Amino acid sequence: MASIPLDAEWRPSELELGRRVTRRQQSTKSVLIAFVSSFVFVVVVGWAVLSSPGWEDVRRSFFDVDIAIASFPSILVGLWLNIQVLFVAAFAVAILGTTLAVLRSLRGPVFFPLRALATVYTDLFRGIPLLIVLYLVGFGIPALGVFGRVPVVLWGTIAIVLTYSAYIAEVLRAGMEAVHPSQRVAARSMGLTHGQTLRIVVIPQGVRKVVPALMNDFVSMQKDVGLISVLGAVDAVSAARIAAAEYYNFTPYIVAALLFVAMALPMIRLTDHVSARLAKREQMGGVV
């Protein structure tokens, strides 16, 4: 039997080369079809909108370029406040949400009061709309006269943290419960305590299982930080409202909407990428 030289270079067979050419052709054909169909769709929708009887009124009321340029600086300054609230709220939600998820996962009758408290909290704040929570926290708590004068931005941040901690807690709890019980048993058999098992084994695996859901909640929170304007905070939405009242035009709201989209778009694309990557690993049999 002839031996194969060690320095022999591997080369694909003619059949494999033919398959690669076919796949490239199919991929090119798919891209062309998608481009043509998208172009036709945009043209049809654009023609329908531009030829509508009230398009000129809508254009003047919502898409005035001069007003957009004039209102952009103040709205951008307000967006910086939204970004600050977002980062503070995200950090606080991560801590409080994880704490609630751990409390709900505690076993044993002695921990029943903690489990019940965490359950009532998550059920309550998942059921109340965020807008109502903002009113209750932003107007109700200051009316007690206990804390003195506190910036409305702080009350708005607290309301967002209270609401989204309940969402994140349930997502994390679902991920932790999805971890196979054998992982807990194996960790305890190695001498780890219950707390060490949660911190080293259960929580990291549970977080990996629910990363797309957590990222989607973060995207939702990026939008909802604009609701703090109902408390009087001068953020991007409030700045757009002031500019709209000044110019008697709705274009500033479109500017604020585009800025929020620009802020959320990187996280949306990252969420899609991570979801596709995790799905690919599951299909390949990888450990997620």
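Scroll up to find the structure.
Cut-offs applied
- Residues numbered from 1 in each chain as written.
- Predicted model: local features only at pLDDT ≥ 70, side-chain atom pairs only at ≥ 80, totals over all residues.
- Heavy atoms only, no water.
- Core = buried A, V, L, I, M, F, W, Y, C linked by side-chain atoms within 4.5 Å.
- Buried < 20%, exposed > 50% of the residue type's maximum accessible area, 1.4 Å probe, protein only.
- Helix = DSSP H or I, 4+ residues; strand = E, 2+ residues; numbered from the N terminus.
- Contact = heavy atoms within 4.5 Å.
- Patch = residues over 30% accessible without salt bridge, like charges linked within 9 Å, V, L, I, M, F, W, Y side chains within 5 Å.
- Areas by Shrake-Rupley, 256 points an atom, 1.4 Å probe, with all protein chains shown as cover.
- Salt bridge = Lys/Arg side-chain N within 4 Å of Asp/Glu carboxyl O.
- Lys, Arg positive; Asp, Glu negative; His and termini not counted.
- Charge placed at Lys NZ, Arg CZ, Asp CG, Glu CD.
- Axes fitted to C-alpha atoms, helices over the stretch in contact; angles between N-to-C directions.
- Parallel < 35°, antiparallel > 145°, perpendicular 65-115°, else oblique.
- Left-handed = near helix turned anticlockwise from the far one by under 90°.
- Nonpolar A, V, L, I, M, F, W, Y, C, P; charged D, E, K, R; others polar.
- Phe/Tyr/Trp six-rings, centres within 6.5 Å; stacked < 30°, edge-to-face > 60°.
- Expected span 1.5 Å × (residues − 1).
- Polar contact = N/O pair within 3.5 Å; in protein donor to acceptor, adjacent residues only side chain to side chain.

Now for the nonpolar core. Membership of the largest hydrophobic core comes to 46 residues, with the highest contact counts inside it found for I75, I160, M221 and V225. Elements represented by at least two residues in this core include exactly α3 (65–105), α4 (112–127), α5 (130–143), α6 (152–178), α8 (194–209), α9 (211–224), α10 (236–247) and α11 (251–283). With 11 residues, the single largest contributor to this core is α6. What I75 contacts, discounting residues up to four positions off in sequence, is A236, A239, A240, P252, V255, A256 and L259. Counting 5 residues, the second largest nonpolar core, distinct from the first, contains V219, M267, V274 and L278.

Attention now goes to a nonpolar patch on the surface. Together, F35, V36, F39, V40, V43 and V44 make up a nonpolar patch on the protein surface, roughly 580 Å² of accessible area in all. Here V44 lies in helix α1 (residues 14–50). For V44, a relative accessible area of 49% corresponds to the partly exposed category.

For the rest of this paragraph, the subject is the side chain of Q222. Here Q222 shows up in helix α9. Not counting chain neighbours up to four residues away, the residues in contact with Q222 comprise L86, F260, M263, A264 and M267.

A surface patch of like charges, here positive, comprises R208, K209, R277 and R281. Elements supplying a minimum of two residues to the positive patch: α8 and α11. Structurally, K209 can be placed in helix α8.

Time to look at the packing of α3 against α10. Axis separation between α3 and α10 bottoms out at 7 Å; the angle between their running directions is 155°. It follows that α3 is roughly antiparallel to α10 by the angle criterion. Two packed elements cross with a definite hand, and for α3 against α10 that hand is right-handed. Here I67, A70, S71, S74, I75, G78, L79 and N82 of α3 come into contact with α10, specifically with A236, A239, A240, A243 and Y247. Residues of the contact of α3 with α10, tallied by class, amount to 9 nonpolar, 4 polar and no charged.

This part is about the packing of aromatic side chains. All chains considered together, the criterion is met by 6 aromatic pairs. Note on F62 and F250: the rings are 5.1 Å apart at their centroids and 15° apart in plane angle, and the pair reads as stacked. With a gap of 188 residues between them, F62 in helix α2 (residues 55–62) and F250 in the loop between α10 and α11 connect regions that are remote in the sequence. Look at F62 and you get partly exposed, because its relative accessible area is 31%. Its relative accessible area of 45% is what places F250 among the partly exposed residues.

A word on the side chain of T157. Its location among the elements puts T157 in helix α6. With residues near it in sequence (within four places) discarded, T157 still touches V85, V88 and A89.

Here we take up the environment of A101. Tracing the sequence through the fold places A101 in helix α3. Residue classification places A101 among the buried positions, given a relative accessible area of 0%. For the pair A101 and R173, spaced 72 residues apart in sequence, the C-alpha separation works out to 5.0 Å. Apart from residues no more than four positions distant in its own chain, A101 is found in contact with A169, L172, R173 and M176.

On to the pattern of salt bridges. Going through the model one piece at a time under the given rule, you end up with 6 salt bridges. Note that R173 is salt-bridged to E170, the shortest N-O span being 3.0 Å. Linking R173 with E170, this pair stays in helix α6, spanning 3 residues, or about one helical turn. The same class applies to R173 and to E170, which are both buried.

What follows deals with α10. For α10, with 12 residues, the first-to-last C-alpha span of 16 Å sits near the 16 Å given by 1.5 Å per residue. Within α10 the residues assigned to the buried category are A236, S238, A239, A240, A243 and A244. One side-chain oxygen of the residue at the start of α10 lies 3.4 Å from the amide nitrogen of V237, identifying that residue as D235. Y248, located one to two residues past α10, shows a positive phi value of around 55°.

The next subject is the environment of G78. As for its placement among the helices and strands, G78 is situated in helix α3. You can call G78 buried: its relative accessible area is 2%. Separated by 32 residues in the primary sequence, G78 and G46 place their C-alpha atoms 32 Å from one another. Sequence-distant contacts of G78, that is, excluding residues within four places in its chain, are made with V234, D235 and A236.

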